[in-house]
Amino acid sequence: MDSKLPSSVRSTLLELFGQIEREFENLYIENLELRREIETLNERLAAEGQAIDGAELSKGQLKTKASHSTSQLSQKLKTTYKASTSKIVSSFKTTTSRAVCQLVKEYIGHRDGIWDVSVARTQPVVLGTASADHTALLWSIETGRCLVKYSGHVGSVNSIKFHPSEQLALTASGDQTAHIWSYAVQLPTPQPIADTTQQICGEDEVECSDKDEPDVDADVSSDCPTIRVPLTSLKSHQGVVIAADWLVGGKQAVTASWDRTANLFDVETAELVHSLTGHDQELTHCCTHPTQRLVVTSSRDTTFRLWDFRDPSIHSVNVFQGHTDTVTSAVFTVGDNVVSGSDDRTVKVWDLRNMRSPIATIRTDSAINRINVCVGQKIIALPHDNRQVRLFDMSGVRLARLPRSSRQGHRRMVCCSAWSEDHPMCNLFTCGFDRQAIGWSINIPALLQEK
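Residues numbered from 1 in each chain as written. Predicted model: local features only at pLDDT ≥ 70, side-chain atom pairs only at ≥ 80, totals over all residues. Heavy atoms only, no water.

**Student:** What should I look at first to understand the sheet that holds strand E15 (residues 283-288) in this one?
**Tutor:** Pairing between sheet strands relies on hydrogen bonds along the backbone, with the strands arranged either parallel or antiparallel. Read from one edge to the other, the open sheet built from 4 strands follows the order E15-E16-E17-E18, with strand pairing classed as antiparallel. In the strand order of this sheet, the two ends are held by E15 and strand E18 (316-321), each with one partner. The average undirected angle you get between the axes of adjacent strands in this sheet is 20°. Strand direction decides the pairing type here: strand E17 (residues 303-308) and E18, joined by 6 bridges, are antiparallel. Residue pairing across strands places Trp307 opposite Val317, the latter belonging to E18. (Pairing = 2+ DSSP bridges. Helix = DSSP H or I, 4+ residues; strand = E, 2+ residues; numbered from the N terminus. Axes fitted to C-alpha atoms, helices over the stretch in contact; angles between N-to-C directions.)

Structure, rendered in structure tokens:
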């Protein structure tokens, strides 16, 4: 009988039923293996019982031993069932992720993990990455080609931020400094984008070894211009500078350090304007407001602090408490909101006018690293220790999870995310310990429609 369904709907249904069949086939195989394991456990239990009888132990001890083994077996069955069921459920969620989240480009060239990723705010729009290999690289978003290498630091480069209106980059480093350096790039001609939809294999967790990481034996950055000397070096910290950012207007910069302080510098003179003290442990991140003279710093002391420089004669500070572990980052959104992420596996949305308690809390299954908010659409990207990247709205509703498999996505901890709302090809970038950055195309209207 001819179907009246549109061909696109039919193909989607066939794909879904194919996924269901494959999942149940895998589940059937797992059940057979589990059944064999149960038989082995029963034989072992029987053997233990005989050995115990030989030792002439009491029936009570035998009962305790058997009860303990049975409990372990029961728990194993529950765990296996839960894991198998989760796989089936995740296969349905993958359909949504495929439609709205697609991997577009990989940026491979660093020789160590990438801590930070950022997108230029002026033309030409380029991608910047900061790596533990002591370099920062600038990339063509369209071609994935390295355009500039910065090698002025003698320690890990922990963050990179672009000036709001000039071709300047600000990098923070483990060498206890932050550098401001100028770049001039010419974008190469874009090549046709390869169809990556067939490469998306779903969200199943696949264990990957080191040999599965990107091959960087060929130094892709060796052919691009290298900048070795900064325009300005910001010095005053007594420990690792973990992050740095430009204040609105770009005439001042703020740095955050493991020496438990944040420093505000004059960019032109490199002079220290304010030293921001108060955190009890190492700082992990700093972020500036896009339109106001506000700074937020996060710390291992489980708090983040809001510093207000709108009045030049005084600066005030507010302390936000609510996390139970290291606050890995806190970032501004539009209006009066701040979003904070933590190693306690939660993300909290705060109203700056009422800092007593968060207005929304997102609970996850893994520690959260440097988050980023799509300001126009108010979507939060959460990079996790467990290699996943999840998208939520500001009210805490989960929207999607970026596809990840053995053939694509991050193979190690995801360290950072960055939105680029105006770029036509990629609007979300991620980076991680697997030494690569990834550009994603997120169909935001479809994402919000399916919410």
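**Student:** Could you clarify how one ought to interpret the pattern of salt bridges in this entry?
**Tutor:** Proximity of charged atoms lets side chains of opposite charge pair with each other. For the structure on display, the rule yields 7 salt bridges. Asp116 is the salt-bridge partner of Arg370, the closest N and O atoms lying 3.7 Å from each other. Here Arg370 is found in the loop between strand E22 (360-363) and strand E23 (372-374), whereas its partner Asp116 is found in strand E2 (residues 114-119), with 254 residues between them in sequence. In terms of burial, Arg370 and Asp116 fall into one category: buried. Of the charged contacts, one joins Asp308 and Arg310 as a salt bridge, the two residues approaching to 2.7 Å between their closest N and O atoms. Taking relative accessible area as the criterion, Asp308 reaches 15% and is therefore assigned buried. (Salt bridge = Lys/Arg side-chain N within 4 Å of Asp/Glu carboxyl O. Buried < 20%, exposed > 50% of the residue type's maximum accessible area, 1.4 Å probe, protein only.)

**Student:** How should I be thinking about unusual backbone geometry in this particular structure?
**Tutor:** Both trends apply: most residues other than glycine have a negative phi, and most peptide bonds are in trans. Look at the link from Gln123 to Pro124: it is a cis peptide, with omega at -5°. Structurally, the position occupied by Pro124 is in the loop between E2 and strand E3 (127-131).

**Student:** Please explain the environment of Leu283 as it appears in this structure.
**Tutor:** Among the structural elements, Leu283 can be located in strand E15. Classification of Leu283 by relative accessible area gives buried; the value is 1%. Considered as a pair, Leu283 and Thr261 are 22 residues apart in the sequence and their alpha carbons are 7.0 Å apart. Excluding residues within four positions of it along the chain, Leu283 makes contact with Ile242, Ala256, Ser257, Trp258, Arg260, Thr261, Ala262, Thr297, Ser298 and Ser299. (Contact = heavy atoms within 4.5 Å.)

**Student:** I keep staring at the layout of surface pockets and nothing clicks. Help me out?
**Tutor:** One simple way to see leftover space: roll a probe sized like a water molecule over the atoms. Approximately 1000 Å³ is the volume found for the largest pocket. Ser118, Val119, Arg121, Asn372 and Trp419 are, among the 40 residues lining the largest pocket, the residues nearest its centre. Among the elements of the structure, E2, strand E6 (157-162), strand E11 (241-246), E15, strand E19 (327-332), E23 and strand E27 (414-419) are those that each provide at least two residues to the lining of the largest pocket. Each residue belonging to the lining of the largest pocket can be placed in one class, and the counts come to 22 nonpolar, 10 polar and 8 charged. (1 Å grid on protein atoms, 1.4 Å probe; cavity = no way out; pocket = protein on both sides within 12 Å on 5 of 7 lines; lining within 4 Å. Points joined across faces, edges and corners; volume = space filled by probe spheres on them. Nonpolar A, V, L, I, M, F, W, Y, C, P; charged D, E, K, R; others polar.)

**Student:** Got a minute to help me understand the packing of aromatic side chains in this structure?
**Tutor:** Each aromatic ring pair is characterised by the separation of its centres together with the angle its planes make. Scanning the entire structure with this criterion turns up 9 aromatic pairs. Both rings, one in Tyr150 and one in Trp181, keep their centres 4.5 Å apart while their planes meet at 0°; by these two values the pair is stacked. Of this pair, Tyr150 sits in strand E5 (residues 146-150) while Trp181 is found in strand E8 (residues 177-182), placing the two residues 31 residues apart along the sequence. Trp181 shares its class with Tyr150; the two are buried. Both rings, one in Phe304 and one in Trp350, keep their centres 5.6 Å apart while their planes meet at 75°; by these two values the pair is edge-to-face. Separated by 46 residues along the polypeptide, Phe304 in strand E17 and Trp350 in strand E21 (residues 346-351) bring together distant segments of the chain. (Phe/Tyr/Trp six-rings, centres within 6.5 Å; stacked < 30°, edge-to-face > 60°.)

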